[in-house]
Amino acid sequence: MRSDNTESDVMNGSFLQPSDSELQRWMSSAFIMAKEALESGEVPVGCLLVYNNMVLGKGRNEVNETKNATRHAEMVALDQVLEWCSHRELDPKEVCKCCVLYVTVEPCITCAAALRLLNIPLVVYGCKNERFGGCGSVLDVSSADLPHTGTAFKCIPGHRADEAVDMLKTFYKQENPNVPKPKVRKDGMGPAGGSVTTHTRKHEGDGKMAASD
Amino acid sequence: MEPETKKRKGMESDPDSSWHVIPVLSDEMSEEVTLLDAYAVPITDKRQTSRLVKDLSVVHPLADLQHIKRVRACKDKSSPHALEVIVCLVSDISISAQTRRPTLTDLLTSKDFNLKGLGEPFLVRIPARAPLTRPQFERASLHWPTSFHEDKQVTLGLTGQLFTSSQQAKIQEYMTAAVEAARSGREEGMDAVGAAIVDPKSGRIITVGHDLTRDHPLHHAVMVCIDLVAWAQGGGVYPYGKHPACRYTVSDPLISSEESAQPYICTGYELYVTREPCVMCAMALVHSRISRVFYGASSPDGALGTKFKIHCQKGLNHHFDVYKGVMRQTCEELTLLH
Ligand SMILES: [Zn+2]
Ligand SMILES: [Zn+2]
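All values reported here derive from a predicted model rather than from experimental measurement.

## Things to note about the sheet that holds strand 1 (residues 47-51) of chain A
Residues and elements named next belong to chain A.
At step 1: The strand order 2-1-3-4-5 describes an open sheet built from five strands, whose pairing is mixed. Every other strand in the sheet has two partners, leaving strand 2 (54-59) and strand 5 (154-156) as the edge strands with one partner each. With direction set aside, neighbouring strand axes in the sheet form an average angle of 20°.
At step 2: Its contacts with the sheet put helix 2 (residues 20-39) on strand 1, strand 2, strand 3 (99-105), strand 4 (122-127) and strand 5, and the angle it makes with strand 3 is roughly 50°.

## Description of helix 11 (residues 328-336) of chain B
Residues and elements named next belong to chain B.
At step 1: Listed in full, the buried residues belonging to helix 11 are Thr330, Cys331 and Leu334. Burial along helix 11 is one-sided: seen end-on, the buried residues are contained in an arc of 95°.
At step 2: Looking at the buried positions of helix 11, the neighbouring elements they touch are helix 7 (165-187), strand 9 (270-275) and strand 10 (292-297).

## Section: the pattern of salt bridges
At step 1: Throughout the structure, instances matching the rule amount to 20 salt bridges over all chains.
At step 2: For Arg71(A), the salt bridge goes to Asp79(A), with nearest N and O atoms at 3.1 Å.
At step 3: The partner of Lys309(B) in a salt bridge is Asp27(B), with the nearest N and O atoms 2.9 Å apart. One end of the pair, Lys309(B), is in the loop between strand 10 and strand 11 (321-324); the other, Asp27(B), is in helix 1 (residues 27-30), and 282 residues separate them in sequence.
At step 4: Given a relative accessible area of 19%, Lys309(B) falls into the buried group.
At step 5: Members of the salt-bridge network, linked through shared partners, are Lys35(A), Arg160(A) and Glu163(A).

## Let's talk about the UniProt feature "domain: CMP/dCMP-type deaminase" (unreviewed entry) in chain A
At step 1: When the UniProt feature table is mapped to this numbering, "domain: CMP/dCMP-type deaminase" (unreviewed entry) covers residues 21-146 of chain A.
At step 2: Counting secondary structure, residues 21-146 of chain A comes out at 41% helix and 19% strand; the distance between its end C-alpha atoms is 33 Å.

## Some details on the coordination of the zinc ion (ligand 1)
At step 1: Of the protein atoms, only His72(A) (ND1), Cys108(A) (SG) and Cys111(A) (SG) coordinate the zinc ion (ligand 1), at distances of 2.0 to 2.3 Å.
At step 2: Ordering the donors of the zinc ion (ligand 1) by residue number gives the pattern H-x35-C-x2-C.

## With respect to the coordination of the zinc ion (ligand 2)
Under perfect tetrahedral coordination by four donors, a metal shows angles of 109.5 degrees; under perfect octahedral coordination by six donors, it shows angles of 90 or 180 degrees.
Residues and elements named next belong to chain B.
At step 1: Surrounding the zinc ion (ligand 2) are the protein donor atoms His220 (ND1), Cys278 (SG) and Cys281 (SG), which sit 2.0 to 2.3 Å from the metal.
At step 2: Mapped onto the polypeptide sequence, the residues donating to the zinc ion (ligand 2) form the spacing pattern H-x57-C-x2-C. Here the residue His220 occupies a position in the loop between strand 7 (204-210) and helix 8 (221-232), and Cys278 occupies one in the loop between strand 9 and helix 10 (279-287), the gap between them amounting to 58 residues.
At step 3: Residue Cys278 is classed as buried on the basis of its relative accessible area of 14%.

## Re the environment of Thr49(B)
Residues and elements named next belong to chain B.
At step 1: With respect to the secondary-structure elements, Thr49 resides in helix 2 (residues 49-59).
At step 2: Judged by relative accessible area, Thr49 falls into the buried class, the value being 15%.
At step 3: It is 8.5 Å that separates the C-alpha atoms of Thr49 and Val71, two residues lying 22 residues apart in sequence.
At step 4: Discounting residues that sit within four places of it in the chain, Thr49 has contacts with Ile43, Val71 and Leu83.

## Details of the nonpolar core
At step 1: Core analysis: the largest hydrophobic core is formed by 102 residues, its most contacted members being Met280(B), Val293(B) and Ile310(B).
At step 2: Dropping the residues within four chain positions of it, Ile310(B) is found in contact with Ile109(A), Leu139(A), Val279(B), Ala282(B), Met283(B), Val286(B), Ala303(B), Leu304(B) and Leu316(B).

## Describing the pairing of strand 6 (residues 194-199) of chain B
Residue and element names in this part refer to chain B.
At step 1: Among the six residues of strand 6, six are classified as buried, and the element is accordingly described as predominantly covered.
At step 2: Across the two faces of strand 6 the burial is the same, with Gly194, Ala196 and Val198 and Ala195, Ile197 and Asp199 all buried.
At step 3: Where strand 6 meets strand 7, six bridges bridge the pair, whose relative direction is antiparallel. If you follow Asp199 over to strand 7, its bridge partner there is Arg204.
At step 4: The hairpin formed by strand 6 and strand 7 contains four residues between the paired strands, and Gly203 there has a positive phi angle of roughly 80°.

## Let's talk about the pairing of strand 2 of chain A
Residues and elements named next belong to chain A.
At step 1: Pairing analysis gives five bridges linking strand 1 to strand 2, with the strands arranged antiparallel. In the sheet register, Val50 faces strand 2, and the bridge partner there is Val55.
At step 2: Here strand 1 hands over to strand 2 after two residues, with Asn52 in that stretch at a positive phi of 55°.

Criteria and thresholds
- Residues numbered from 1 in each chain as written.
- Chains lettered and ligands numbered in written order.
- Predicted model: local features only at pLDDT ≥ 70, side-chain atom pairs only at ≥ 80, totals over all residues.
- Heavy atoms only, no water.
- Pairing = 2+ DSSP bridges.
- Helix = DSSP H or I, 4+ residues; strand = E, 2+ residues; numbered from the N terminus.
- Axes fitted to C-alpha atoms, helices over the stretch in contact; angles between N-to-C directions.
- Contact = heavy atoms within 4.5 Å.
- Buried < 20%, exposed > 50% of the residue type's maximum accessible area, 1.4 Å probe, protein only.
- Arc of directions from axis to C-beta.
- Salt bridge = Lys/Arg side-chain N within 4 Å of Asp/Glu carboxyl O.
- UniProt positions renumbered as here; feature names shortened; annotations may be inferred.
- Donors = N, O, S within 2.8 Å, 3.2 Å for Na, K, Ca; no water.
- Core = buried A, V, L, I, M, F, W, Y, C linked by side-chain atoms within 4.5 Å.

Here it is as C-alpha cells:
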C-alpha cells in the first residue's frame, strides 16, 4: 500500500494545497453523493476523506437508521478511515494528519471537534451551515484555542455553495408534507417508539436538524 | 439490567459529602453590571412629578432602558427635595453641552417643555441592562432603582436551594453510577471518565458508559452513552460486548406503550458525567436533545462552562440546563488518574 509514489504527496505536504482541478474533482464526487441522497429522500450531504489521492472514507448521514443524532456523514467517513488504518496496522494519527475532508456543507460543531481530535488538517466545503456550523457559522471550533482538543484545521469554504444550499432547500421543502402522521401504538407490539419519521413529526425541525448537520 | 448502585449502598460513605450543585449560567446571567452615564435632576415640586414623568417620556423616551425606574427617592434624607428623576443619557445631548456642566435647558432644548418643579442636573450612573439574576439586581439597585422579573429557579439555584435533600441524594446516586463506570473504564486502561443517562420521569438509569478512547479516539464517555441510548431505542452503531460496564436498559414495552412513544433520542433525559464534556460531546448533547446535564469536575477545554457554554449558545435551536460540582472531590480525583 505504501508505495514511494503514493508517499510523495504526503511527504512534500502538497496535499494541503490542492490544485483547482483536484479540488473540483473531489468536490464533484461529494456533490454526486449529495444528489443521490436527495433523490432517495435522504439528507443531501456528501463527503469524502482523501489520503494520497485515495478515497479512504465516504459518508452519508445515518441519523435516522441508527437513532444516533451524531451519525453525520463526516463521522461515518472518519470511521472508515480508522478501519482502513486498523486493517493495515497504521497509526491513525499519522494517516489523518495527511487527509483532506471534502464535504458539501460546513461541518457542524460536533464534527468539527471530531476532525480536530483526529488531527485532520484541511476541510474543503460547499455552503455554510447556519444552524450548526462549527467552522465559523455558529462557533469557530476549527481555529479555536483548544489545546486539549486535537489540532486546529484550515478551511477552504464556498465551493459550489449555491448548489449545496439549493439541495438543502429542496430537501426541507419535500420533507414536511411527506411525513406520515404519527402512529400511536396502544398495543405494546412493534418497536417501541415507532419509526423515526414519527419522531421527526413529533419534534418539529428535527428533520432539518439532520439535514443541515 | 438494574444499575448496581443500590447494592453498593456502602459506597455512599463518600469522603466528599460537602459538594454543592452549582448552576452554569449564561454569560449574560453571570456578568457584572454595566453602567451608563446619565443626568438626573431633583424634583423640587413634588406635585409636578407625574406630569414631569409623562413629559420626559415624550422628549427622552429611554427606549432601551425600560428596566430603569424613572424616579427615585433621594438617598440623602437631609436633602431639601425628596425625589430625583432621570432626564436623559449623557450620550443623548450634544458633545459641546457635555463638556461644560450642562444646564437644564441643554437637556431639555424644546421651548415648549415646562421646566417647573425641576432643579439643576447632576451626573448619575444607571444600569445598562435589565438584571437577570438576584445578585445582578442587588448590584444594579445600588446605582439606581431597577425593575426585576425574577426567575425563581435561577435564584434557588444560585443559593443552592434548588434541590431538596432527597433530590440531592438521587443526584448522588446517579453520579455514583458514573463514577463506578469511570473506575471500570480505568481498569481497562481507558481514561477515567464515566457517564449515566437517566429518565427523570421513571427515575431509571437508561445507560451507563465510560471512556473507550483506547479502542476508538472519538469514544468519549458521553458519545458512548449517546450510542447506548440509541441501542436502547432499537438503533445503535458500535458493539460494547467487551465492556461490561457500558450497558443500557431496554424500556419496558408495557410501560412505553402507555406513553405512546419513546422520546426523540434523549428528549427529557438527564446526563450525569464525571468530567465536563468537550465541545464534540457538548454539541452531541444538543443534537440529542438532552434536557439537563450534571457534571463533577471542570475540564480545561470544557464546553459547558469553561471554554464555551454550548448549552446556552446563541444561534442553536436547543438549550438545556447545566449544573456542576456534583461529587466534585471524587470526580476531580478521577481526573488525576489520567
Ligand atoms: Zn456534524
Ligand atoms: Zn468529549
